[in-house]
Amino acid sequence: MALKTPFLNIKPEEYKQVFSFMLILALSTLVLELSDVIATGGFVSNVGPDNIVFLWIADMLITIVTAGIYALAVDRMDRLKLLKWLSLGFAAVFLAMRILFMLKFPDWAAYPLLYILTDQFYAIFPLAFWAMVNDFYTSTEAKRLYPIIIMGSALGSISGNGLAALSGWILQRTGGDASSLLIVGAILLLVTMLILQFALPKRTVNARQSRDEGDVRQTIKVGWDYIKNVPIFTFLAVSMVLSGLAFTIIEYHFIFEVDQAVSQNPLQFQAFYGTFKIILIISILSVQAFISGRFLERIGLKNSFIFQPVALALASLLAALMQGVLGAAVAKYLVRLVQQSWDEPARKSLQNLIPDERRGRVAVMIDRYFYDISTIVGSLVLGVLLFLRNLSFISQGQIINVYLGLAIAAALVAITAGFRLRAKYEQSLLDWRLSRSRRKSALDGIEF
């Protein structure tokens, strides 16, 4: 029997494949984080934090369409080839954005466009990546290895945010342009494409591909069938919608407080935001390396979906009790730590139970559509509150109390959904929709 490493819990024969996946995830995340900091800092400082809720609405509507187009392809084509095309396509997109900034495209239009394009990258690339990775592993392997692979995301986040923070301080003193860093992003995505082409170990994957008709209605029908009829996915969807609402509120609260603290200076915002995310990601990396995998194996999937809504409830309460940027930063730190180091590996492991030919479309429903809808709802609520404030019907302090109270309420209902998922777990595993692929054992993923 192959020995496991003391810390990373990887078998020797798994090294090359696992670290290849980690590197791909690290590079793509670096590009995402770098572009996100540039876009968010530029938008908030040049357009204003109040307007970001309207940007979120437009962004989520576009993302729903983009995710629908992606869903038509993910279960019908080679996922490795899909990732190569995505890497090449987004490299061209970021290069084109750099050219627009060089041509002095108006900031009020350029930064929202960069933000939306960055979010399309965030919406699609991870979905395609995990759809491909799920083709390689059984559910049992996933619980052990996915927290390790996701460490690549943490490493990329540290690098991307570190570069953004450092460049923010340097560019404040030299008068440079943050958008010049988009060229770095384009180059790294080209490197990612080369890794996908040449560095992944050769292995036959017997994942089945869908032969269903390729239309949006069929895609939604497949995803909704799982959400409606498999209890664990029903309650996961409820939890994610409510958690997404609370996330939106905490994210806005953080952005608003940081903007007030840095006096609406885009490079100061970039430096602070990047530094904060470095601290966050180092914490996530530590938890993923030494806690997540072992703890997930020990407690099992059915007990794993209560932690995130509990963190959201506590974070919203802390933000309400601790006024200013400190409370907002602590709240965001807590929820993102739990989401990325715990909830995301658990959710990907749960999706591994879905047969290959349907997994991509169901993941779009779970990971994108419900999150997008909750973000739109949260943004509309925030928009109404800000409109009432502008009419002097409500003060800024009252707005904060109302939306943080709503976040607490949403998180409490999400906790209830998490307990219901736990209660229905064994029953759901017997559903024919979770029949395993021919390349896996019929007992994979079942916990006794």
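What you see is a predicted model; the values in this text were computed from it and never measured.

Caption draft 1: Representation of the overall build of the protein. A count of helices and strands for the protein gives 15 helices and zero strands. Every one of the 448 residues in the protein was classed for burial, and the buried ones make up 58%. In the protein, of all internal contacts separated by at least 6 residues, the share reaching a separation of at least 24 is 85%. Of the accessible surface of the protein, which amounts to about 18,300 Å², a share of 67% is contributed by carbon and sulfur atoms.

Caption draft 2: View of the pattern of salt bridges. Here the structure, examined in full by the defined rule, presents seven salt bridges. Across the salt bridge formed by E33 and K277, the nearest N and O atoms sit 2.4 Å from each other. Here K277 lies in helix α10 (residues 266-299) and E33 lies in helix α1 (residues 15-46), a separation of 244 residues in the sequence. Relative accessible area serves as the criterion here: at 9%, E33 is assigned to the buried category. Measuring nitrogen to oxygen at the nearest pair gives 2.9 Å for the salt bridge that ties K332 to E251. Of this pair, K332 sits in helix α12 (residues 324-351) while E251 sits in helix α9 (residues 231-261), placing them 81 residues apart in sequence. Comparing K332 with E251 shows no difference in burial state: the two are buried. Salt bridges sharing common partners tie together E33, D36 and K277.

Caption draft 3: Structural view of helix α11 (residues 307-321). Its 15 residues place the ends of α11 21 Å apart at the C-alpha level, agreeing with the 21 Å of an ideal helix rising 1.5 Å per residue. All of the buried residues in α11 are Q308, P309, A311, L312, A313, A315, S316 and A319. Lining the buried residues of α11 we find α9, α12 and α14 (396-423).

Caption draft 4: Summary view of empty space enclosed by the protein. Scanning the model with the defined rule gives five cavities of 30 Å³ or more in all. Here the largest cavity defines a volume of roughly 1,100 Å³. If you go around the largest cavity, you meet 50 residues; those closest to its centre are Y122, R336, Q339, Q340 and Y371. Every element with two or more residues in the lining of the largest cavity is listed here: α1, α2 (52-74), α4 (107-134), α6 (151-174), α9, α10, α12 and α13 (356-390). For the lining of the largest cavity, the element with the highest residue contribution is α4, accounting for 10 residues. Its residues assigned to classes, the lining of the largest cavity shows 22 nonpolar, 14 polar and 14 charged.

Caption draft 5: Quick peek at the packing of aromatic side chains. Overall, the coordinates contain 11 aromatic pairs when judged by the stated rule. A centroid spacing of 6.1 Å and a plane angle of 90° characterise the contact between F21 and F129, whose relative ring orientation is edge-to-face. Within this pair, whereas F21 is found in helix α1, its partner F129 is found in helix α4, the two being separated by 108 residues in sequence. A connected cluster of aromatic rings, assembled from ring pairs, spans F90, F94, F121 and F125.

Caption draft 6: The arrangement of the environment of L314 in detail. Among the secondary structure elements, L314 is positioned in helix α11. Once the C-alpha coordinates of L314 and L334 are considered, the two residues, 20 residues apart in sequence, prove to be 8.5 Å apart.

Conventions used here
Residues numbered from 1 in each chain as written. Predicted model: local features only at pLDDT ≥ 70, side-chain atom pairs only at ≥ 80, totals over all residues. Heavy atoms only, no water. Helix = DSSP H or I, 4+ residues; strand = E, 2+ residues; numbered from the N terminus. Buried < 20%, exposed > 50% of the residue type's maximum accessible area, 1.4 Å probe, protein only. Contact = heavy atoms within 4.5 Å. Areas by Shrake-Rupley, 256 points an atom, 1.4 Å probe, with all protein chains shown as cover. Salt bridge = Lys/Arg side-chain N within 4 Å of Asp/Glu carboxyl O. Expected span 1.5 Å × (residues − 1). 1 Å grid on protein atoms, 1.4 Å probe; cavity = no way out; pocket = protein on both sides within 12 Å on 5 of 7 lines; lining within 4 Å. Points joined across faces, edges and corners; volume = space filled by probe spheres on them. Nonpolar A, V, L, I, M, F, W, Y, C, P; charged D, E, K, R; others polar. Phe/Tyr/Trp six-rings, centres within 6.5 Å; stacked < 30°, edge-to-face > 60°.

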